[in-house]
Amino acid sequence: MSDHVGVESLPDQLVNKSIQQGFCFNILCVGETGIGKSTLMNTLFNTNFEDREFSHFYSHVNLEARTYELEENNVRLKLTIVSTVGFGDQINKEESYQPIVDYIDAQFEAYLQEELKIKRCLFNYHDSRVHVCLYFIAPTGHSLKTLDLLTMKNLDSKVNIIPLIAKADTISKNELQKFKVKVMSELVSSGVQIYQFPTDDETIARINSSMNAHLPFAVVGSMDEVKVGNKVVKARQYPWGIVEVENESHCDFVKLREMLICTNMEDLREQTHTRHYELYRRCKLEELGFRDVGPENKPVSLQEIYETKRQEFYTERQTKEEEMKQMFVQRVKEKEAMLKEAERELQAKYEHLKRVHQEERLKLDEKRKSLEDEIACFSKKRAASEIFQNQAFVTGGSKKDKDRKK
Amino acid sequence: MCISVFQQVDETSLKMSKQQPAQFINPETPGYVGFANLPNQVHRKSVKKGFEFTLMVVGESGLGKSTLINSLFLTDLYPERVLPGAAEKIERTVQIEASTVEIEERGVKLRLTVVDTPGYGDAINCRDCFKTIISYIDEQFERYLHDESGLNRRHIIDNRVHCCFYFISPFGHGLKPLDVAFMKAIHNKVNIVPVIAKADTLTLKERERLKKRVLDEIEEHSIKIYHLPDAESDEDEDFKEQTRLLKASIPFSVVGSNQLIEAKGKKVRGRLYPWGVVEVENPEHNDFLKLRTMLITHMQDLQEVTQDLHYENFRSERLKRGGRKVENEDVNKDQILLEKEAELRRMQEMIARMQAQMQMQMQTGDGDGAAHGHHV
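All values derive from a computational prediction rather than experimental measurement.

Our focus in this paragraph is the overall build of chain A. Of the regular secondary structure elements, chain A holds nine helices and nine strands. Counting only C-alpha atoms, chain A reaches 175 × 70 × 45 Å along its principal axes. With 406 residues in all, chain A has 36% of them scored as buried. Considering only contacts within chain A whose residues lie at least 6 apart along the sequence, 66% involve residues at least 24 apart. Approximately 26,300 Å² of chain A is accessible, and the part contributed by carbon and sulfur atoms is 52%. With 60 positive and 66 negative side-chain charges, chain A shows a spacing of 15 Å between the two charge centroids.

In this section: the nonpolar core. Core analysis: the biggest nonpolar cluster contains 84 residues, and Ile27(A), Leu134(A) and Leu260(A) have the highest contact counts within it. Among the elements that make up this core, the one with the highest residue count is helix H3 (residues 98–116) of chain A (seven residues). When sequence neighbours within four positions are dropped, the list of residues in contact with Leu260(A) reads Phe25(A), Ile27(A), Leu44(A), Val132(A), Leu134(A), Ile162(A), Met265(A) and Leu268(A). Within the second largest apolar cluster, 69 residues are counted, among which are Val57(B), Tyr120(B), Cys129(B) and Leu302(B).

Here we take up helix H8 (residues 265–288) of chain A. Residues and elements named next belong to chain A. Along its 24 residues, H8 runs 33 Å from first to last C-alpha, staying within 8% of the 34 Å computed at 1.5 Å per residue. The axis of H8 is deflected most strongly, by about 35°, at Tyr-277. Taken together, the buried residues of H8 touch strand E1 (23–30), strand E3 (75–85), H3, strand E4 (132–137) and helix H7 (253–263). Looking one or two places after H8, you find Gly-289, whose phi comes out positive at around 105°.

The next subject is the side chain of Ser61(B). Structurally, Ser61(B) can be placed in the loop between strand E1 (51–58) and helix H3 (65–73). By relative accessible area, which is 19% here, Ser61(B) ends up buried. Within the structure, Ser61(B) has its side chain in polar contact with the side chain of Asp122(B) (distance 2.7 Å). Setting aside residues no more than four positions away along its own chain, Ser61(B) makes contact with Thr140(A), His142(A), Lys89(B), Tyr120(B) and Asp122(B).

Our next topic: the UniProt feature "coiled-coil region" (unreviewed entry) in chain A. The sites that carry the UniProt feature "coiled-coil region" (unreviewed entry) are, in the present numbering, residues 325–381 of chain A. Structurally, residues 325–381 of chain A comprises 100% helix and 0% strand, and the distance from its first C-alpha atom to its last is 82 Å.

Okay, the pattern of salt bridges next. In this structure the tally under the stated criterion is 43 salt bridges over all chains. When the shortest N-O distance is used, the salt bridge between Arg52(A) and Glu64(A) registers 3.4 Å. Here Arg52(A), found in the loop between helix H2 (37–45) and strand E2 (62–72), pairs with Glu64(A), found in strand E2; they are 12 residues apart in sequence, far enough to count as distant. Judged by relative accessible area, which is 26%, Glu64(A) ranks as partly exposed. We note a salt bridge from Lys240(B) to Glu237(B), for which the minimum N-O separation is 3.7 Å. Remark: Glu237(B) and Lys240(B) occur in helix H8 (residues 237–248); sequence separation between them is three residues, near one turn of the helix. Where salt bridges share partners, they join Glu32(A), Lys145(A), Glu60(B) and Lys176(B) into one cluster.

A cluster of like negative charges, contributed by Glu232(B), Asp234(B), Glu235(B), Asp236(B) and Asp238(B), occupies part of the molecular surface. In this fold, Asp236(B) is placed in the loop between helix H7 (204–220) and H8.

Attention now goes to the UniProt feature "domain: Septin-type G" (unreviewed entry) in chain A. UniProt records the feature "domain: Septin-type G" (unreviewed entry) at residues 21–287 of chain A, using the numbering of this structure. In residues 21–287 of chain A, the share of helix is 38% and the share of strand is 22%. The end C-alpha atoms are 35 Å apart.

Let us look at the sheet that holds strand E9 (residues 241–244) of chain A. Residue and element names in this part refer to chain A. The sheet built from three strands is open, its strands ordered E7-E8-E9 with antiparallel pairing. Every interior strand has two partners, whereas the edge strands, strand E7 (225–228) and E9, have only one. Direction aside, the axes of adjacent strands within the sheet are offset by 65° on average. Pairing geometry for E7 and strand E8 (residues 231–238), over four bridges, is antiparallel. Directly across from Val-228, in E8, lies its bridge partner Lys-231.

Turning to empty space enclosed by the protein, a few remarks are in order. Per the stated rule, a full pass over the model turns up four cavities of 30 Å³ or more. Approximately 150 Å³ is the volume attributed to the largest cavity. Around the largest cavity, the lining comprises 17 residues; the ones closest to its centre are Glu32(A), Gly88(A), Lys145(A), Leu147(A) and Asp148(A). Elements supplying a minimum of two residues to the lining of the largest cavity: E4 and helix H4 (146–155) of chain A. Taken together, the residues of the lining of the largest cavity break down into six nonpolar, four polar and seven charged. Every residue along the wall of the second largest cavity is listed here: Thr140(A), His142(A), Ser143(A), Leu144(A), Lys145(A), Thr146(A), Glu60(B), Ser61(B), Lys89(B), Gly121(B) and Asp122(B).

So, on to the interface of chain B and chain A. Each side of the interface is counted separately: chain B has 51 residues, and chain A has 43 residues. Roughly 4,000 Å² of surface becomes buried between chain B and chain A when both sides are summed, with 57% attributable to carbon and sulfur atoms. Inspection of the chain B/chain A interface yields six salt bridges. Between Glu60(B) and Lys145(A) there is a salt bridge whose closest N-O contact spans 3.4 Å. Taken together, chain B and chain A are joined by 19 residue pairs in polar contact (both at pLDDT 80 or more). For the side of chain B that touches chain A, the elements supplying multiple residues, two or more each, are helix H4 (86–89), helix H6 (177–186), H7, strand E8 (266–273) and strand E9 (276–279) of chain B. No other element matches the six residues that H7(B) contributes to the side of chain B that touches chain A. Across the side of chain B that touches chain A, the residue classes tally to 24 nonpolar, 12 polar and 15 charged.

What follows deals with the pairing of strand E3 (residues 108–116) of chain B. Residue and element names in this part refer to chain B. The pairing of E1 with E3 spans seven bridges and is classified as parallel. In the strand pairing of E3, Met-56 is matched with Val-115. Pairing geometry for strand E2 (residues 97–105) and E3, over nine bridges, is antiparallel. The residue of E3 that forms the bridge with Val-101 is Leu-112. Linking two consecutive strands that pair antiparallel, namely E2 and E3, is a turn of two residues; a positive phi of about 50° is found at Arg-106 within it.

This part is about H2(A). Think of an α-helix as 3.6 residues a turn; residues three or four steps apart then line up on the same face. All names here are of chain A. Counting buried residues along H2, seven of its nine residues qualify, which places the element largely inside the surrounding structure. Among all positions of H2, only Lys-37, Leu-40, Met-41, Asn-42, Thr-43, Leu-44 and Phe-45 are buried. One or two residues past the end of H2 sits Asn-46, with phi positive at roughly 50°.

Okay, the sheet that holds E2(B) next. Residues and elements named next belong to chain B. Strands sit in the order E2-E3-E1-E4-E5-E6 across an open sheet of six strands; the sheet is mixed. The sheet is open, and its two borders are formed by E2 and strand E6 (252–253), each paired with just one other strand. Bridge count for strand E4 (residues 163–168) against strand E5 (residues 192–196) is five bridges, and the pairing is parallel. Bridging across to E5, Phe-165 finds its partner in Val-193. Lying over the sheet, H3 contacts E1, E2, E3, E4 and E5, oriented at roughly 155° with respect to E1. Docked against the sheet, H7 engages E4, E5 and E6, running at close to 150° with respect to E5.

The rules behind the values
Residues numbered from 1 in each chain as written. Chains lettered and ligands numbered in written order. Predicted model: local features only at pLDDT ≥ 70, side-chain atom pairs only at ≥ 80, totals over all residues. Heavy atoms only, no water. Helix = DSSP H or I, 4+ residues; strand = E, 2+ residues; numbered from the N terminus. Buried < 20%, exposed > 50% of the residue type's maximum accessible area, 1.4 Å probe, protein only. Contact = heavy atoms within 4.5 Å. Areas by Shrake-Rupley, 256 points an atom, 1.4 Å probe, with all protein chains shown as cover. Lys, Arg positive; Asp, Glu negative; His and termini not counted. Charge placed at Lys NZ, Arg CZ, Asp CG, Glu CD. Core = buried A, V, L, I, M, F, W, Y, C linked by side-chain atoms within 4.5 Å. Expected span 1.5 Å × (residues − 1). Bend = angle between axes of the 7 residues up to and from the residue. Polar contact = N/O pair within 3.5 Å; in protein donor to acceptor, adjacent residues only side chain to side chain. UniProt positions renumbered as here; feature names shortened; annotations may be inferred. Salt bridge = Lys/Arg side-chain N within 4 Å of Asp/Glu carboxyl O. Patch = residues over 30% accessible without salt bridge, like charges linked within 9 Å, V, L, I, M, F, W, Y side chains within 5 Å. Pairing = 2+ DSSP bridges. Axes fitted to C-alpha atoms, helices over the stretch in contact; angles between N-to-C directions. 1 Å grid on protein atoms, 1.4 Å probe; cavity = no way out; pocket = protein on both sides within 12 Å on 5 of 7 lines; lining within 4 Å. Points joined across faces, edges and corners; volume = space filled by probe spheres on them. Nonpolar A, V, L, I, M, F, W, Y, C, P; charged D, E, K, R; others polar. Buried area = accessible area lost by both parts, 1.4 Å probe.

Shown next, in the form of structure tokens:
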């Protein structure tokens, strides 16, 4: 009877499953325009991704993301490369880092939303969270630029940063050593946390810790093939010599490829999920008012908190509704009272007017009456006088005739 | 000396018709006047006087400015330089640092002033980057104008900036917004020579592309850079060819170094890499020799252009503004001339009056004797 249970095949099952699913990896490249981001990506993955030369005259920093499906030895990789556009070109670079931070946060937010959904399918979800940020440092040989320091300080809590020295074929060996030391000391003294290759797994601890000492990696990228000796290699050809990309004494390209892709890709994804994403999630939920510990210091689950929040929200809404109703009723009453008051006033006015009118009428009637009386009187008088005149005429008429005849 | 020459001419004039025109170097030859010796006189006087040249270097940190200057003049202009780190550079303002060095070569003295501009392009917001630089250039013009208009003009020191090397980053695709803004702000004040340093980062193809791109962008933004004067038609072919080559290589892409490296059996100035040695003075590797040639052969021309073009521009602008407010910009030149002439006449009259007064005083002073003394 053997002691064999079969547990040792468990990792294989996991591996088979993940091969079936395919892998997903997202790289963010941050660096000045023309520093060699696209060329390095092409060289790293040995593929000519579509790339264009960007102008220096963009007024803001933007990010361009492209997704590619690669395959090697039956292992499928969904690779997303996000690059900055216009980084370091503006005269005022105070806000240059903000679009990068916003992009990273947006990917976290999308994942958080998916996680919080009631009906969710995380296994099918295209994880767009940034797993590693390759920061391209210009090979000045002096120190970091102010923009580099500012940007990395704002990114180190959100993403794994691996600093690289770009276009490293312009720095000689001892200048390079001094430059690396200066850059690392500046990062340390400013408190920037860059990604450390993990040393907890004994199988890779030694190589990882030695690689940690080589940071930042001095890289050279090229897709041009040059004949060196009897081999054809990727290199850059100068009048004074040929810089071979995969020659470890020329540059650290092989180290980068080894560390980034061969050895630590999975760790990078894990760190992104367990450290950076968790931090983001915690901050976001705390903002919304969620707590892990209830009012009496008792541990409380998300569900309970959600329920209490909901209750709170409902009661609040109800009280608000009540208030609004009250106010509405109040207003209606007031309006009604006002209208009634107005009506009363109108009524009073009407009465008053009516009275006045009536009085006037009475007065007028009286006047008319008196006038009629006067007219009657007058006509009587006139009648009387006419009669009198007629009489006088008759008696005096002969006199008139007599006068006329004379 | 003139008199003796004329005498000789009188004596030999009869013989001239018979004689053939000979070289005028030998004083014994008939028909010799002697002014062919003038260039030698100029040479002697200029060697005695020495040459002055002010060169300004502008560019972001880390583009190789100091190394290039040290290489060009085979000196160490920055012996104890302390380079600030990124944290110190965030709020850094632009400084002006002028260092003078006397270079002597075969008895010819050159007093070279290199004006460095540390801090340019360092701050996170470079909006006010070039104000300091422009005011420095204007200040030097102002000082020269003041000295030139002064009464005692014996010792005018010329500190005007004769040439500005503007360093373009070899890591990008061409000019950046800051480059364009700066060059447009100074192209009417100083001769701009664009330079691409750290050229060992570019393959030959990339170099040509970058040069062309830079020239296109300079034209697109109407930036006036220094143009080498064409060779005169009576110069020899070699010189003409050299000038043409120089003109075709602008902007110069150079590599600087003062380290001696062993290469191909001899010691050369260069940079040592695992894949080869970049030789500074190898024309196939970079344009260092061309830049040095251009600077030296055209040093005089650079000074002349500064004097005749940039300084005159500054002077006319300055005098137009003069004591008036800047609003009256449409005052025509004739009026200013008339006014100036009137002022001159007034001053002359005043001087004449004062002289007359002094004369009178002296006469009466003589009469009165020493008892009064004389006061002016």
